[in-house]
Amino acid sequence: MSSSAIYNHRSLQPTVPPAQGPNQHSHARLNEAVDTIRQEFEVLSSDLGILRNQRDEYESKVTSQINELNIIRQSLYELESQHGKIRQTYEEELTRLRAELHALRQGVPAGAPHLPVGPASVGPSGPPAPPPTAPGVPPGPGSYSDPYYGRDRDREREKDREREREIRDRQREERERPPVENARDQKRIKTERMKGDTRPGKPFNSSSARSPPPHGYYATPFSPPLSAADHYSPSLQPPNTKLPPAPGAPPALTTFQGPGLPPPPAAHAPYPPGPGNPHPAGPAEPPAASSSALVPINNTQNSGAQFPDDLDPQNVPPELKKEGSDWFAVFNGKVKRVLDVSLVHTLMHESVVCCVRFSADGKYLATGCNRTAQIYDTKTGVKTCVLADESAGKAGDLYIRSVCFSPDGKYLATGAEDKQIRIWDIAKKHIRNVFDGHQQEIYSLDFSLDGRLIVSGSGDKTARIWDMVDGTSKVLMINDADPVNNDAGVTSVAISPNGQLVAAGSLDTVVRIWDVRTGLLLERLRGHKDSVYSVAFTPDGKGLVSGSLDKTLKYWDVSGLVGKRKEPAANGKKDDRSSQCTMNFVGHTDYVLSVAVSHDGQWVVSGSKDRGVQFWDSHSAMTQCMLQGHKNSVISIDLSPAGSILATGSGDWQARIWSYTNI
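### Some remarks on the sheet that holds strand β12 (residues 442–447)
Two strands in a sheet stick together by hydrogen bonds in their backbones, pointing the same way (parallel) or opposite ways (antiparallel).
Point 1. In spatial order, the strands read β12-β13-β14-β15; together these four strands make up an open sheet with antiparallel pairing. The sheet terminates laterally at β12 and β15 (473–477), the two strands that pair on one side only. Put simply, the sheet's adjacent strands are angled 20 degrees from each other on average, direction ignored.
Point 2. Here strand β14 (residues 462–467) pairs with β15 via five bridges, running antiparallel. The residue bridging R464 from the neighbouring strand is V475, located in β15.

### Let's talk about unusual backbone geometry
Point 1. Of note in the backbone geometry, A621 takes a positive phi value of approximately 65 degrees without being a glycine.
Point 2. Secondary-structure assignment places A621 in the loop between β26 (612–617) and β27 (623–628).
Point 3. According to the relative accessible area criterion, A621 is buried, its value standing at 2%.

### Quick look at the environment of I426
Point 1. The topology assignment puts I426 in the loop between β10 (421–425) and β11 (430–435).
Point 2. Placed 21 residues apart in sequence, I426 and F405 show a C-alpha to C-alpha distance of 9.6 Å.
Point 3. Beyond its immediate chain neighbours, meaning those up to four positions away, I426 contacts I375, C385, F405, G409, K410, Y411 and L412.

### Examining the side chain of R422
Point 1. By the element assignment, R422 lies in strand β10.
Point 2. Judged by relative accessible area, R422 falls into the buried class, the value being 4%.
Point 3. A distance of 3.0 Å separates a polar atom in the side chain of R422 from a polar atom in the side chain of Q420.
Point 4. Filtering out sequence-adjacent residues up to four positions away, R422 remains in contact with D389, A392, L412, A413, T414, A416, I431, N433 and V434.

### Quick word on the pattern of salt bridges
When the charged atoms of two side chains with opposite charge come close together, those side chains can pair.
Point 1. Under the definition given, this model contains 18 salt bridges.
Point 2. In this structure, R96 and E100 form a salt bridge, with 2.6 Å as the shortest nitrogen-oxygen distance. Residue R96 and its partner E100 are both found in helix α1 (residues 22–105); the two are separated by four residues, about one turn of the helix.
Point 3. Under the relative-accessibility criterion, E100 is labelled partly exposed at 33%.
Point 4. Of the charged contacts, one joins D326 and R656 as a salt bridge, the two residues approaching to 2.5 Å between their closest N and O atoms. One end of the pair, D326, is in the loop between β1 (321–323) and β2 (328–331); the other, R656, is in strand β30 (residues 654–662), and 330 residues separate them in sequence. Here D326 and R656 have matching classes, each one buried.
Point 5. Counted as one network, the salt bridges with shared partners bring together E93, R96 and E100.

### Here's the deal with the sheet that holds strand β29 (residues 645–650)
Point 1. Spatial ordering of the open sheet is given by β3-β30-β29-β28, a layout of four strands whose pairing is antiparallel. Taken across any chain shown, the strands that pair with only one partner, and hence form the sheet edges, are β3 (339–348) and β28 (634–639). Across the sheet, the mean angle separating the axes of adjacent strands is 20 degrees when strand polarity is ignored.
Point 2. Where β28 meets β29, five bridges bridge the pair, whose relative direction is antiparallel. If you follow D638 over to β29, its bridge partner there is A647.

### Points about a nonpolar patch on the surface
Point 1. A cluster of nonpolar residues, L69, I72, L76 and L79, forms a patch on the protein surface that exposes about 400 Å² of accessible area.
Point 2. Its place among the elements puts L79 in helix α1.

### Describing the nonpolar core
Most often, soluble globular proteins have nonpolar side chains that are buried together.
Point 1. By size, the foremost hydrophobic cluster in this structure holds 18 residues, and its most contacted members are L339, V341, V605, F615, L627, L646 and Y660.
Point 2. Secondary-structure elements contributing two or more residues to this core are β2, β3, β25 (603–608), β26, β27, β28 and β30.
Point 3. Per-element accounting of this core gives the leading share, three residues, to β28.
Point 4. Judged by nonpolar contacts, the second largest core, of 16 residues, contains C385, F405, A416 and I431.

### Focus on the confidence of the model for the protein chain
Point 1. Of the residues in the protein chain, 63% reach a pLDDT of 70 or more, and the chain-wide mean stands at 74.
Point 2. Between the elements of the protein chain, mean pLDDT differs from a low of 33, seen in helix α3 (residues 185–189), to a high of 98, seen in strand β4 (residues 355–358).
Point 3. This stretch, residues 110–151, has a pLDDT under 50; its non-local contacts, to residues over four places away or in other chains, come to 57 contacts.
Point 4. Long-range and interchain partners of residues 178–305, a stretch whose pLDDT sits below 50, account for 312 contacts in this model, where long-range means more than four residues apart.

### Side note on the pairing of strand β21 (residues 543–548)
Point 1. Most of β21 sits inside the fold, with six of its six residues counted as buried.
Point 2. Here strand β20 (residues 532–537) runs beside β21; their pairing, made up of five bridges, is antiparallel. Paired with V532 across the bridge in β21 is S548.
Point 3. Counted between consecutive antiparallel strands, the loop separating β20 from β21 contains five residues, among which G541 sits at a positive phi close to 75 degrees.

### As for the packing of aromatic side chains
Both the distance between ring centres and the angle between the ring planes are used here to describe each pair of aromatic rings.
Point 1. The full count for this structure, using the stated rule, is five aromatic pairs.
Point 2. Where F435 meets W466, the ring centres are 5.0 Å apart and the plane angle is 5 degrees; that geometry is what we call stacked. Note that F435 is positioned in strand β11 and W466 in strand β14, a separation of 31 residues in sequence.
Point 3. The buried category is assigned to W466, whose relative accessible area is 2%.
Point 4. Measuring from ring centre to ring centre gives 5.5 Å for F615 and Y660, while their planes differ by 55 degrees; the resulting arrangement is tilted. Here Y660 lies in strand β30 and F615 lies in strand β26, a separation of 45 residues in the sequence.
Point 5. Looking at F615, the relative accessible area reads 0%, which means it is buried.
Point 6. Each member of the aromatic cluster is reached from another via a ring pair, and the members are W603, F615 and Y660.
Point 7. It is K321 that lies over the ring of F328; its NZ or CZ is 5.0 Å from the centre.
Point 8. Residue placement shows R337 over the ring face of F331; its charged tip is 3.7 Å from the ring centre.

Calculation criteria
Residues numbered from 1 in each chain as written. Predicted model: local features only at pLDDT ≥ 70, side-chain atom pairs only at ≥ 80, totals over all residues. Heavy atoms only, no water. Pairing = 2+ DSSP bridges. Helix = DSSP H or I, 4+ residues; strand = E, 2+ residues; numbered from the N terminus. Axes fitted to C-alpha atoms, helices over the stretch in contact; angles between N-to-C directions. Buried < 20%, exposed > 50% of the residue type's maximum accessible area, 1.4 Å probe, protein only. Contact = heavy atoms within 4.5 Å. Polar contact = N/O pair within 3.5 Å; in protein donor to acceptor, adjacent residues only side chain to side chain. Salt bridge = Lys/Arg side-chain N within 4 Å of Asp/Glu carboxyl O. Patch = residues over 30% accessible without salt bridge, like charges linked within 9 Å, V, L, I, M, F, W, Y side chains within 5 Å. Areas by Shrake-Rupley, 256 points an atom, 1.4 Å probe, with all protein chains shown as cover. Core = buried A, V, L, I, M, F, W, Y, C linked by side-chain atoms within 4.5 Å. pLDDT = per-residue confidence, 0-100. Phe/Tyr/Trp six-rings, centres within 6.5 Å; stacked < 30°, edge-to-face > 60°. Lys NZ or Arg CZ within 6 Å of the ring centre and 35° of its normal.

Pasting the structure below:
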């Protein structure tokens, strides 16, 4: 081998990696950026989870605090009620002892009859008898001149004046002091007036329509103090002279000028007997010659007519009473107890709850209040949907007076003060249709079972049948208003289960029934002595229940109208004997505002301005139980078509869901 061969080998390649090009360098930087973004995302996700937990915790705390405030408020109401009772007992005992003292000073034997001494009394009996004098008015010539009695009388009068000043000051403070929902008071003013601001416990006085309630009202269980915005009655007043005034304006004083509109009763006490004011515990009105000879079969003279007036809820035997934290149910001891009632959910609202309505399957509950309709899950009580028309005018209030689900549960119809019916697509929270035509507020809505038709009732004295498919409507006019009660605004409508009949209750005390197909008036059901505020068909369609401001319910046999067509009741000359009132339900102590019939037809349920709900046996008109829990008028009730669930809506800004079961 030559020496040069050593150098003839192939050149060696370098072992270091080749120089990186620009593409490889940018790829590495991209990976680093992705890792950085991933880390930041994980940090943000973690922070978001923490914030969500904090939000849930805060919401839970707020809900808990709201519940605690409600419990505290209820406790204050109960304490004030107890205080009123104790004070009244003390004053009665003090008056009795003073009378005995005066009698002893005059030498009257113990046990001799004597007159009580007090603000409106004149002194003890016995010679010489003093003339009656008003508190604070000095006696005239010939008055009682005993020096001891005179001094005591002066002290008594001074104490009376001080007590009256305290009462006036306290009531002034209650009017001026806002409740817990201070910012919402103005929203309640309009809807708290019904028929000229008729509040229980406030005697009618045209010159003092806003005067405070009299002392002693608070003795009723679960009766909170009344303020200018604390005793609601649904303003289902007619849309003409009886419309509520605008917020801030004085209430109209013309509403009591028409016959058939009696002044309000004393707090939770029956109306005095008289024309237009039947006594709740008395017999039903006799059939009038001009009222189709309505002959009640099951009259009010049964024991149910006395319940719950004949018992004190505070002294009911334990087996006849069931109590919750802020509610109680009292059962009628004169009939066998076959029912149990429990509170399931309390649903707080932002204003007065004007209406409640279940879906056909009973899974959801719709409520209507100021500007919004809400939908709740019946089982959990969770609010699932809020429907509000953002295009509606923002000035003033816009209360949703009526809500109704379509049978398939896809749509919710709402009727409001702006005279429009809105059909909402619930899933999309979008308005599907708007039905215009009514000239006044819409108070009631009802779907037919096939979902094709919807019936509406308005203060413009008409009911209308709307076709959901083509949007057309059929007007059911009231041209035969009672000559005495000539205001026939429609307060409530119902369509029969077979879809053939429409019933409407009105302010002129009459219940009317039309033929859906022809639009002809078939019946006038006369018997109530005041405005009819609610009507409901029985599940079989053969009966109709009506509730009225005369504090009674009536059951009407309309089986003669089912399945057949009748001639129209022209000009009021048609004999309406085929539909008779067969039962009267008497027991409420104030206006009946809402009625419903259970899915099986066993129970009739009613809500009243007396803040109570009563379950009635639909076959005997006997009260099974009285339910108390709301702090204000029970404006609306509904029974689930699926059974065993009751919903109530009230002026206390609450809706409640109750369960009832047979035992």
